[in-house]
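Given next are the chains, with one letter for each unit.
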Amino acid sequence: MEKLKKITALILAVIMLMSIPVFAFADGEEAEEPVAVSSGNVATMYIIYSPANKREPHVWIYLVNQTNSPLEFGHCTVPAGGCISVGNFHDRGSGEGIHYNLERYWVKPATYERSYYLKTNVSASELRRCGNAMRFLNHWDYVFCNCSMFATTMWNICSPRKILHLGFPHVTFVEMLLWGAKKLDFTISKVGSAGSVYKYTKEGAEPVKYAVVLTNWGV
């Protein structure tokens, strides 16, 4: 009985700890929004679960700019009507942490057969808060700052349908299903050049080493 109490307390502590990032990133003193961007919804955000393989599924963010002006998402600019993918990875050759467009480079026909998503509208203010949060999430570990923790933090800033990060992508997938996740039924805009893949750093977005994209990981 005592052991059960300790396990329960530990689980509750982990839930509380993982929930902190959802609310902790208030608007910071970042660059002002582009002049032409309104204060309403400016983008659509998708959180996507991709079981690249049974051992290492991946959870990531896909953002589509719905305006006629460029948007800043962290250190990358999303062109008018354009899109970007963002995910957190252990070191694949350019350091651990946040990568831009790596998922878009890896997407393949099989992605559409096995991936699921939720989507939500994003305001300019929420987009700015996501950018602020990235400053604290540019690292990686197996439980406390893995791909699902990063993606759910971005998602929870923008969506009223909160997803608790409980450690692993498989659990995030179950929570997504409870919110009505659908099998991928839209086309991810694929990038065909490694030159479109970037690594987030404190100074900005840097091109990744070519070795990063030469992998069997996929999405």
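Residues numbered from 1 in each chain as written. Predicted model: local features only at pLDDT ≥ 70, side-chain atom pairs only at ≥ 80, totals over all residues. Heavy atoms only, no water.

Engineer: How would you sum up the overall build of the protein chain? Please name residues and give values.
Structural biologist: Assigned secondary structure in the protein chain consists of six helices and ten strands. Per-residue burial for the protein chain yields a buried fraction of 50% across its 219 residues. Considering only intrachain contacts with a sequence separation of at least 6, the fraction spanning at least 24 residues in the protein chain is 67%. Looking at the protein chain as shown, the accessible area adds up to about 10,800 Å², and 58% of this sits on carbon and sulfur atoms. (Helix = DSSP H or I, 4+ residues; strand = E, 2+ residues; numbered from the N terminus. Buried < 20%, exposed > 50% of the residue type's maximum accessible area, 1.4 Å probe, protein only. Contact = heavy atoms within 4.5 Å. Areas by Shrake-Rupley, 256 points an atom, 1.4 Å probe, with all protein chains shown as cover.)

Engineer: Account for unusual backbone geometry, naming residues and giving values.
Structural biologist: Of note in the backbone geometry, Asn101 takes a positive phi value of approximately 70 degrees without being a glycine. Positionally, Asn101 belongs in the loop between β6 (97–100) and α2 (102–106). Given the relative accessible area of 7%, Asn101 is considered buried.

Engineer: Describe the nonpolar core, and please don't skip the residues or the numbers.
Structural biologist: Nonpolar side chains in soluble globular proteins tend to be buried together. Met45, Ile47, Leu63, Phe73, Met134 and Met154 are the most contacted members of the largest nonpolar core, which has 38 residues in total. For this core, the element with the most residues is helix α5 (residues 147–158), which contributes eight residues. Every residue in contact with Met154, bar those within four places of it in the chain, is listed here: Met45, Ile61, Phe73, Cys130, Ala133, Met134 and Leu137. Counting 22 residues, the second largest nonpolar core, distinct from the first, contains Trp60, Val107, Ile188 and Val197. (Core = buried A, V, L, I, M, F, W, Y, C linked by side-chain atoms within 4.5 Å.)

Any link to function would need more than the numbers given here.
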